[in-house]
Amino acid sequence: MSLNRSDLPTDVLALLSQGTVIPAHPLALDAHRQLDRQRQRALTRYYVDAGVGGLAVGVHTTQFAIRERGLYATVLEAAMQDRLAWNDRAMAMIAGLCGPTAQAQAEARTAVALGYHAGLLSLAALAGSSEDALIAHCEAVAQEIPLIGFYLQTVVGGPVLSSDFWRRFALIPNALAIKVAPFNRYRSIDVVRGLVDARAEERVFLYTGNDDHIVLDLALPFAAMRDGAPVQVRFRGGLLGHWSVWTSSAVHQLQQIKAELAAHGGALSPALLALDSRVTDCNAAFFDVANNFHGCIAGCHEVLRRQGLLEGIWCLDPEEGLGHGQSAEIDRVYRQHGDLADDAFVRDNLARWLA
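So, how was this worked out
- Sequence order as written defines the numbering, with residues in each chain counted from 1.
- The model is predicted, so local features are restricted to residues of pLDDT at least 70 and side-chain atom pairs to those at 80 or more, both for listing and for counting; the totals for chains, interfaces and linings are taken over all residues.
- Only hydrogens and water are set aside when side-chain values are computed; all heavy atoms of the structure are taken into account.
- Categorising residues by exposure relies on relative accessible area from a 1.4 Å probe, with only protein chains included: less than 20% of the type maximum marks a residue as buried, more than 50% marks it as exposed, and the intermediate range marks it as partly exposed.
- Each helix is a run of H or I in the DSSP string that is no shorter than four residues. Each strand is a run of E no shorter than two, and both are numbered from the N terminus.
- Two strands are said to pair when DSSP picks up at least two bridges between them.
- For the handedness criterion, the strands are oriented away from the viewer, and a crossover whose path from the first strand over the helix to the second runs clockwise is classed as right-handed.
- The convention used is that axes are lines fitted to C-alpha atoms, helices contributing only their stretch in contact, and that angles between N-to-C directions extend from 0 to 180 degrees.
- When an angle is under 35 degrees it counts as roughly parallel; over 145 it counts as roughly antiparallel; between 65 and 115 it counts as roughly perpendicular; any other value is oblique.
- Handedness of a crossing is defined here by the sense of rotation of the near helix relative to the far one, left-handed for an anticlockwise turn of less than a right angle and right-handed for a clockwise turn.
- Contact between two residues is taken to exist if any of their heavy atoms lie within 4.5 Å; hydrogens are not considered.
- Any residue outside Ala, Val, Leu, Ile, Met, Phe, Trp, Tyr, Cys, Pro, Asp, Glu, Lys and Arg is labelled polar, Gly included; the first ten of those are nonpolar and the last four are charged.
- Stacked, edge-to-face and tilted are the three classes for Phe, Tyr and Trp ring pairs, Trp counted by its six-membered ring, which pair at centre distances within 6.5 Å; planes under 30 degrees apart are stacked, over 60 edge-to-face, the rest tilted.

## What to know about the pairing of strand β6 (residues 175–181)
A large share of β6 lies buried, amounting to seven of its seven residues. In terms of strand pairing, strand β5 (residues 147–152) meets β6 through six bridges, oriented parallel. Residue phenylalanine 150 lies in a different strand from β6, and its bridge partner there is lysine 179. Considered for its hand, the β-α-β crossover made up of β5, helix α6 (residues 163–170) and β6 is right-handed.

## Considerations on the packing of helix α2 (residues 37–50) against helix α3 (residues 72–86)
To characterise two packed helices, one gives the angle between the axes of the helices and the distance between these axes. Two elements in contact, α2 and α3, have axes separated by 9 Å at closest approach and are oriented at 50°. The orientation of α2 relative to α3 falls into the category oblique. Between α2 and α3 the crossing geometry is right-handed. Of the residues in α3, those touching α2 at Arg37, Gln40, Arg41, Thr44, Arg45, Val48 and Asp49 are Val75, Ala78, Ala79, Gln81, Asp82, Arg83 and Trp86. Considered class by class, the residues forming the contact of α2 with α3 number five nonpolar, three polar and six charged.

## A look at the packing of aromatic side chains
Scanning the entire structure with this criterion turns up eleven aromatic pairs. Here the aromatic rings of tyrosine 46 and tryptophan 353 are separated by 5.3 Å at their centres, their planes lie at 50°, and the arrangement is tilted. On the criterion of sequence distance, the pair formed by tyrosine 46 in helix α2 and tryptophan 353 in helix α13 (residues 343–354) is long-range, its members being 307 residues apart. With 4.8 Å between their ring centres and 90° between their planes, phenylalanine 165 and tryptophan 166 make a pair best called edge-to-face. Owing to a relative accessible area of 1%, phenylalanine 165 belongs among the buried residues under this scheme. Three or more aromatic residues joined by ring pairs form one cluster here, namely Tyr46, Tyr47, Phe345 and Trp353.

Read these as spatial facts, not as claims about activity.
Below you can see the structure in the form of C-alpha cells.
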C-alpha cells in the first residue's frame, strides 16, 4: 500500500512545514555487536523527551549495514513502537531508503507498513548515473512514499547534482522535502535555485543536513532570482547526524533562533550568529573531520557513551571506530563548549529511559 503526502496527518505536515529538530537515530550495540534493545529504546526515549519533532531511522547514522544483517525492519519497528509507547504526540517518522530502485521501493513499502511518514532517499548507490536516471529512480520510489531528497556530500559517496536536477525533483508530486547536506555552499545554493525555479518553495520544505553550518542555515534567508526578482527561501529545520547528540540543546537552539527572528523582524544577535562557529567546532570533533570523517558514527557514539546512553561505541563494522586523535578532540570540545552539552538533562532522566 503506497502513501501520498495528501494522506499525511495534518499535525505531522504542520510540524515539517513550521520546522523542527529531526535527529538521525544511532544504532545501540552490545559488546558482541548485537542489537542492544534496552539502550536502543533508551535513545528513542531520550530524543522524544528532548522535544524533537521527528526521528530519522535507517539512515547513515543508524549504519547502512543493518540491511546486510537483516535488521532494517527490526530497527524501524523498534523506533516506532518505542516512541509511541513513550509519548503519543505528533512526530514525523522518516525512514532511510537506499540502494537500487527495487531495493529502495521495497524499503519504502516496509516503512509505510510500519507507519512511517516519509523516506529519505540516498542516491549514493547510483552516484555514477545520469541525472535523467536519478530522476526516474526518485519518481519510482515516490510512487511508494512521500520523498525527502538527499544531497549527500561527495566525500561519503554522494553525486554532484545540478540546480536543474533539484528543479525536476521538486516537481515530483510526492516530493515532501529536501535534506541539503553537500557541506558546500555553492551546492546548497544550487538546491535553493532549483526549488525556486520549480515554484515549489512553499510545498517542498528545505531541511539542513549541513552539519558544518547548522546555525546559519537555520538563521539566514537564502535568495534566488525568478522573473527578475529575488525570492527568499528559508530552511525550516534540520535533519542531522550531529543532532543525535546534545539533542535537547539543539531543540533549544532552534527555538532560540525562531524566537529572535520573530521578535526582531529577522534580525539576530551577534551572540546567536557566533554560535554557528561553536557548533561547527563541536561537529568537527564528533564527525572526525581531521580524519576525513572516518569516525563520524563512532564519534557520536562516544558522546552518548560518556553520557551513559550507550554502553560502548561499537559499530557493525569492526573497522569502524574513533579516528586518530578524535577522543582528545572530543575532550577539548567538552572543555571549551561544555555549556552546549545536555549532560545534566541526560543525567536527570537516564535511569527512567533505561528502565
